[in-house]
Amino acid sequence: MTRIAVCALLSLALGCQSSSLACPSGTQAESVAVGRRSVRQCVRADGVPHGPVVEQWADASQHLCGVLEDGVKQGRWRHWYDNGQLMSDVDYRAGHLVALTTWAPDGDLMQTARFENDLSDGTTVIFMPERHEQHFDAGERVGMWTIEYSDGRLDVRVYGQHSMLLAANGRPLPPPKEKLALSDGTVVRHGACERARVDNGGTSPCLDLFERVQRCSLVVDPTPCEHDAIACQEGG
């Protein structure tokens, strides 16, 4: 185990409450005030942060605890609300987010997700408050997605290759249209829709639009439904 890894474990074990940081050799501890928070971190002679990072609220309670390697986030990072409740538990690999768990201020679990190469990968579970379970492969929607509502209703979607929605609630759907023309003249193409990524929150409004139009095929006259789906997308 490297020295910086040992320092990271020590800092985390102390609950981010220690009065001094266990800084790696060749660095020194620095402190700065940022709004209501105080930030303490280890900095090399060239000014690059390297080692444990601790942020605390004005009352000295935890706000953030993590580790930087050569200025890049590495390993486990945790954030707390000002009421002491853990906000997020995040894992980084060479600055890239690989796993995420978040909680609401009252302690309720909000989301768990995994990423690979900045793309959603594996299973994401979201509580909003209905329970959403989603599956990704390199940012593409795959397998069975479910939404469990508090009244017992269950919405099920099944995806094939290239994030194509194949069926909804047991009913097969026609393939998505290759492109859609919005009322402002913009043309969007299914094959060009963004993949689920860290920087878009694991969502793809473009794919959502195509899916709304697809599901319109389940109604008797899909024309008004398709119009409403596109209007909904344009209105955000």
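The rules behind these values
Residue numbers run consecutively from 1 along every chain, following the written order of its sequence. Residues qualify for local features only when their pLDDT is at least 70, as the model is predicted, and side-chain atom pairs are given and counted only at 80 or more; totals for whole chains, interfaces and linings, by contrast, use all residues. Values reported for side chains reflect all heavy atoms of the structure, with hydrogen atoms and water molecules removed beforehand. Per the convention used, a helix needs a DSSP run of H or I reaching at least four residues, while a strand needs a run of E reaching at least two, with both numbered from the N terminus. Think of it this way: a Phe, Tyr or Trp ring, Trp meaning its six-membered ring, pairs with another when their centres are within 6.5 Å, and the plane angle makes it stacked under 30 degrees, edge-to-face over 60, tilted otherwise. The cut-offs for exposure are 20% and 50% of the maximum accessible area for each residue type, with area from a 1.4 Å probe on protein chains only; residues under the lower value are buried, those over the upper are exposed, and the others partly exposed. Geometrically, a charge over a ring is one whose NZ (Lys) or CZ (Arg) sits within 6 Å of the ring centre while staying within 35 degrees of the ring normal. For two strands to be treated as a pair, DSSP must find no fewer than two bridges joining them.

## Looking at unusual backbone geometry
Phase 1 of the analysis: The phi dihedral of A94 falls on the positive side, at around 50 degrees, and the residue is not glycine.
Phase 2 of the analysis: In this fold, A94 is placed in the loop between β7 (86-93) and β8 (96-103).

## Observations concerning the packing of aromatic side chains
Phase 1 of the analysis: Inspection of the entire model under this criterion finds three aromatic pairs.
Phase 2 of the analysis: When the centroid spacing of 5.1 Å and the interplanar angle of 55 degrees are considered together, the rings of W145 and Y159 count as tilted. Of the two residues, W145 sits in strand β14 (residues 143-148) while Y159 sits in strand β15 (residues 154-159), which places them 14 residues apart along the sequence.
Phase 3 of the analysis: Under the relative-accessibility criterion, W145 is labelled buried at 9%.
Phase 4 of the analysis: With a relative accessible area of 5%, Y159 lands in the buried category.
Phase 5 of the analysis: Each residue in the set F136, W145 and Y159 is aromatic and connected to the rest through ring pairs, giving one cluster.
Phase 6 of the analysis: Lying across the ring of W77, K73 places its NZ or CZ 4.9 Å from the centre.

## A short note on the pairing of strand β9 (residues 109-116)
Phase 1 of the analysis: Summarising the sheet, β8 and β9 pair through five bridges and their orientation is antiparallel. Its bridge partner lying in β9, T102 is registered against Q111.
Phase 2 of the analysis: Pairing geometry for β9 and strand β11 (residues 122-127), over two bridges, is antiparallel. Each residue of the ladder has a partner; that of T112, found in β11, is V125.
Phase 3 of the analysis: Taking the residues between adjacent antiparallel strands as the criterion, β9 and strand β10 (residues 119-120) are bridged by two residues, where N117 takes a positive phi near 55 degrees.

So far we have only geometry, and geometry alone does not tell us how the molecule works.
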